[in-house]
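Residue strings, one per chain:
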Amino acid sequence: MLGRRPRVVRTFPGEVGVPGAALRVGRRRAEVVVVTTAPTAAWLATWCADFAQTGRPLGEQPADLGVLRALREAQGRRTALAVLPPPPVPTDLGIAMLDRVAGLLAAEPDLVPAPERAAVLREVVDRVPRTTTPAVPRVPDGLAEEVAGIERWITTHDVAVHGQRDLLDVPTPAPAPDPDAVVDATAQLLTEVLDELRRAVRRQRRAAQEAEADG
Amino acid sequence: MAERVLIHIGQPKTGTTYLQTIAWAHRELLEERDRVRLPADRADHLWASLAVREDPRLASRSERAPGAYDRVLRGIEEWDGTAVVTHEFFGAATAEQAARFVDRIAADRVEVLVTAREPVGLTTAAWQESLKRGRTTPLRAFATEPSDDPTDVWSLRSIDLADVLDRWAPAVPEGHTHVLVLPRRRGAPDELWHRFAALVGIGADDIDVDVARGNPSMALADVEFLRRFHPYNNPRMDSLTARNRWVRRYLTEGHLAGRPGDRVGLHPDQVAAARERGRRALAALERHAVRVDGDPGDLLVPDDLPPQRTPDDVTPEELVDAGLRTVLAVAADLAGTRAADPGATGR
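Residues numbered from 1 in each chain as written. Chains lettered and ligands numbered in written order. Predicted model: local features only at pLDDT ≥ 70, side-chain atom pairs only at ≥ 80, totals over all residues. Heavy atoms only, no water.

All names here are of chain B. One can find T94 in the loop between β3 (82–86) and α6 (95–104). The class of T94 is buried, set by a relative accessible area of 18%. Residues in contact with T94, not counting those within four places in the same chain, are P150, R157 and R167. (Helix = DSSP H or I, 4+ residues; strand = E, 2+ residues; numbered from the N terminus. Buried < 20%, exposed > 50% of the residue type's maximum accessible area, 1.4 Å probe, protein only. Contact = heavy atoms within 4.5 Å.)

Right, let's get into the domain arrangement of chain B. Residue and element names in this part refer to chain B. Along its sequence, chain B is organised into domain 1 (4–216 + 267–304) and domain 2 (218–262 + 315–347). In this complex, domain 1 contributes 15 residues to the contact, which on the side of domain 2 involves 16 residues. For the pair domain 1 and domain 2, the summed buried area comes to about 1300 Å², and 59% of that belongs to carbon and sulfur atoms. Taken together, domain 1 and domain 2 are joined by two salt bridges. Measuring nitrogen to oxygen at the nearest pair gives 3.5 Å for the salt bridge that ties R248 to E129. Taken together, domain 1 and domain 2 are joined by six residue pairs in polar contact (both at pLDDT 80 or more). Residue contributions to the side of domain 1 that touches domain 2 peak at five residues, all from helix α7 (residues 119–132). (Domains from an automatic or database assignment. Buried area = accessible area lost by both parts, 1.4 Å probe. Salt bridge = Lys/Arg side-chain N within 4 Å of Asp/Glu carboxyl O. Polar contact = N/O pair within 3.5 Å; in protein donor to acceptor, adjacent residues only side chain to side chain.)

Attention shifts here to the pattern of salt bridges. Between side chains of opposite charge, a pair can form as their charged atoms come close. Residues and elements named next belong to chain B. As enumerated under the stated definition, the model contains 47 salt bridges over all chains in all. Put simply, R140 and D312 hold a salt bridge, and the shortest N to O gap is 3.3 Å. Here the residue R140 occupies a position in the loop between α7 and α8 (156–159), and D312 occupies one in the loop between β6 (291–293) and α14 (316–340), the gap between them amounting to 172 residues. A salt bridge links D160 to R280, with the shortest nitrogen-to-oxygen separation between them at 2.9 Å. Taken together, the residues D160 in the loop between α8 and α9 (161–168) and R280 in helix α13 (residues 268–287) connect sequence positions 120 residues apart. For D160, a relative accessible area of 6% translates into the label buried.

Quick look at the structure:
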């Protein structure tokens, strides 16, 4: 029934299966469903979603996942926490490339003119290699603190947890990728972007020919 | 039948494209005013070089390619002034192929012209050019061994001046071979054209040298990144035309060339080999009684060669930066193309 539909709080971009999860949880009479995923994936997904606008390195991405805040805001209402499988986020190679793009832009702001920057970065972000088992060389302290806070809140406020609770663990830092592998990944990224440009130019040419043929 | 034919056979990376571009742009003026003809079409000279060198890939170049050799020869036969045949790939021909070509030319006098330069710069430039065409040979392995294959233009066959002269000079009478030496220190921007024009017999007036674009070199990290890029990109290039357009012209000349940074240097053993090639070139000039335009000393590697930085000295971080700068440049063009074509669904 409409009146019993829970309020869904999404805490990371690129959610996978949120409507289904919310529905399943909602049947168990939660008033608020806070949706999250593996902390590192949530952090990376947020970074990626913002990257085209901010162009900031991963180290400057706030570690606040928004989960604890959402749980606090729902205090006093029946709350469920749905932990969903992570969306595809950049691999360690993808992170290294985007991080370096951020470094280049910080050092040379004119490398990509400001009016075009968001569109250009979107083309890049969309093509970095992705994974659902992310690894980062440095896990920010804030991320671990938030996870610990979530765990405490769940226990003390009787929050029902649905889905893959074990995903809430903060992973141990992974070693930085082999620099040579980053070179190869960059070469592959350039191949992808160039391929897409060729397709776009072909489409444009075909459209122009069709327009000309139509008179 | 032509009175005089000059076959300009290279070397690659000695301003050949620059000279050809100016000459072809003024083709009618050259014929009418100077009685200098460029027979057939520009592409015919490339294809004729493939025919002369019996390259089995000739027919796959274009349906017009197999007829190019005859068109060039006919253009010479039907002309009574000076004719110039020019392509830098002729230089890789065998002595027999060179002699056969000269024999087929209907002219009172056939001369061979080689534009040449100092061997370290020539070698690094030739390596870069080979990469622009999709090759992946590391610098360390480039032009280290003699090649017997006349289709192997990006090799010592083209860049070893003594070897080129030993194969081509005997095809024409003594004194009919010219070497135009590029100065180590560049002079006026159009100096090369004027020297070439004087040698051919082209007047100085009314020639717009600005029709030829510069062909700046690439920075070391950009070159090495390009080499690392090819194994991923080459399978996507479905034709020679696609590679020429998208890798050579668009990516390399459009985005990579001219960026700041260290230039390519040779490994110590390659520098030593280049020094030896320079000395052998001077001996070959004498041996073949070559008419030299310029300072033959400029064919020697200078004693005070600056420190050489090779691709082995480039860090992965430099390569990633070079690659990502290129990614951003191409992504900017992609975003611009999409913006200009809002109807396209894009991704």
